[in-house]
Amino acid sequence: MSTVAEKHTNGTSPQKDRSKLIPFSSRLKEGRALAQDVWSIFNAANLPSDCINLGQGYMNFAPPEWVKHAAEEALNSVATNHYSHPKGRIRLREAIKNHYGPEFGRELDVESEILVTSGANEGQYSVFVAFLEQGDEVIMFEPFFDQYLPSVTFNGGIPVYVPLHPPKHDGKHSSSEWTIDFDELRRAVTPRTKMIIVNTPQNPVGKVFTRHELEQIAAIAEEHNLLVMSDEVYDSLVFDDNEHVRIATLPGMWDRTVTVGSAGKMFAATGWRVGWLIGPASIIQPTLAATTRIVFCSNSPLQEASAVGLEQAKKRGFLEQQRKEYTERRNILTAGFDKLGMKYTNPQGSYFVLLDISSVKWPEDYPFPKSVEGRGRDFKACWFIAMEVGVSSIPVSEFYCEEHTSIGENYARFAFCKDVDTLKQAVERLQNLKKFLA
Ligand SMILES: Cc1ncc(COP(=O)(O)O)c(C=O)c1O
């Protein structure tokens, strides 16, 4: 028997296309996993080299010195360079217990109620692995953090979308004015619904869900026996005295809620890939089994540094100071939009501002690349703004299902997790949009 390679080299058979020899799994065909994603279209490589990147949500500043120092120390010790327990390093689990225990109003058990993961994202993926059966439905509010979709479909889940509705009035509005239609939410629940994802503060709207909204979601979860995934990765970035309510603390909700956190968001260290899950043993233990098979354990030295971050954050007043700094950053950006006279959503939390780009107009013959053709109007608007003004942003229709694209395509998302000088420069450039406003 001769192999394809032999036939090819001895010239006895025609040259075969060897680029698709092994068919890949059909699960990649779901959940837009193979679509050219928004991050690669609005990537620095495709945009003008001096374009200011307010697109992707990562900081252009370093983690605090004292947290970086802890990371260096961890790299210089032996044990912290080796495998951690799959549950996470005990020092970090203790730090999570001490930091979050008072917020949950309970003594967290470091052995069974806390799980360290490789970023929030891998933690969420592990929950889906642990709990979803083929065909289980997962409700998510739109616009949604884009990773939810493939993470759900890879695990056999079916995403069910419930849009947050933007305010209809003109003028300034707050993220609190993006509302849930609770009848719509109730209609979305079927006998196959297994889970609902709540994200507060919300990416990309910046909405901080109110206690009343969370109580209504909790009532639906209780009535239909749903697992609640509460993505609270921006919990340390809540502005203007808004109250961050943890749905797990509402009556009866601890037992059905897993709360998701991220060292990346908290300590300006998104590349460290350290996150955590907090919940009852009945949710954390199956998820531990899943994460152990996926990554075995998360990277050790940066867990140690994250532990130091959590241990010292409060006594250093770090989170308060960070909130002030982010408030200033937000205000610089929104003042720029005010000056332009454009509508936007003022976020109560997270580090994103949604700009209403429905008034931006471009010449009919503007040379758009193929990658933005056939997508929502916002793809063209974001491309146009990046090219003409030199500031990149992200089209929000990417965070909606096709049926609801028309809601998202009025908005561009600008991230303000950038230093003040960069934001001021961006705002100055954005004033050049004025001539393109209808
Ligand atoms: C809502 C939301 N959840 C989860 C994540 C993932 O966090 P991590 O970087 O810790 O995986 C992000 C990151 O952008 C996010 O915006």
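Residues numbered from 1 in each chain as written. Predicted model: local features only at pLDDT ≥ 70, side-chain atom pairs only at ≥ 80, totals over all residues.

By the naming in an unreviewed UniProt entry, the protein chain is Aminotransferase class I/classII large domain-containing protein, taken from Trametes cubensis. One UniProt comment on the protein chain, placed under Cofactor (unreviewed entry), says "pyridoxal 5'-phosphate". (UniProt positions renumbered as here; feature names shortened; annotations may be inferred.)

What to know about the UniProt feature "domain: Aminotransferase class I/classII large" (unreviewed entry) in the protein chain
Per the UniProt record, "domain: Aminotransferase class I/classII large" (unreviewed entry) is annotated on residues 50–430. Structurally, residues 50–430 comprises 39% helix and 15% strand, and the distance from its first C-alpha atom to its last is 14 Å. (Helix = DSSP H or I, 4+ residues; strand = E, 2+ residues; numbered from the N terminus.)

Notes on helix α8 (residues 211–224)
Over its 14 residues, α8 extends 20 Å from the first C-alpha to the last, a length consistent with the 20 Å expected when each residue adds 1.5 Å. The set of residues buried in α8 consists of E213, L214, I217, A218 and A221. One side of α8 holds all its buried residues, which, seen down the axis, span an arc of 135°. Projecting away from the buried face of α8 at angles above 90 degrees are the exposed residues H212 and E223. Close packing links the buried residues of α8 with β6 (193–199) and β7 (227–231). Backbone geometry just after α8 places N225 at a positive phi near 55°. (Expected span 1.5 Å × (residues − 1). Buried ≥ 20, exposed ≤ 12 C-beta atoms within 10 Å, placed from the backbone. Arc of directions from axis to C-beta. Contact = placed C-beta atoms within 7 Å.)

A few points about unusual backbone geometry
A cis geometry characterises the amide bond from T200 onward to P201, with omega recorded as -10°. Within the secondary structure layout, P201 lies in the loop between β6 and α8. With an omega of 10°, the peptide bond running from N203 to P204 counts as cis. For P204, the location among the structural elements is in the loop between β6 and α8. We note that D240 has phi near 55°; this positive angle belongs to a residue other than glycine. With respect to the helices and strands, the residue D240 is situated in the loop between β7 and β8 (257–262). The residue R273 is not glycine, and still its phi comes out positive at about 55°. With respect to the secondary-structure elements, R273 resides in the loop between α9 (263–266) and β9 (275–278). Residue class for R273 comes out buried when judged on the 20 C-beta atoms lying within 10 Å of it.

Focus on the site of the ligand
Taken together, 13 residues lie near the ligand, and G119, A120, N121, F145 and S262 sit nearest. No other element matches the three residues that helix α5 (residues 119–131) contributes to the shell around the ligand. Among the residues forming the shell around the ligand, the class breakdown is three nonpolar, nine polar and one charged. (Near = placed C-beta within 6 Å. Nonpolar A, V, L, I, M, F, W, Y, C, P; charged D, E, K, R; others polar.)

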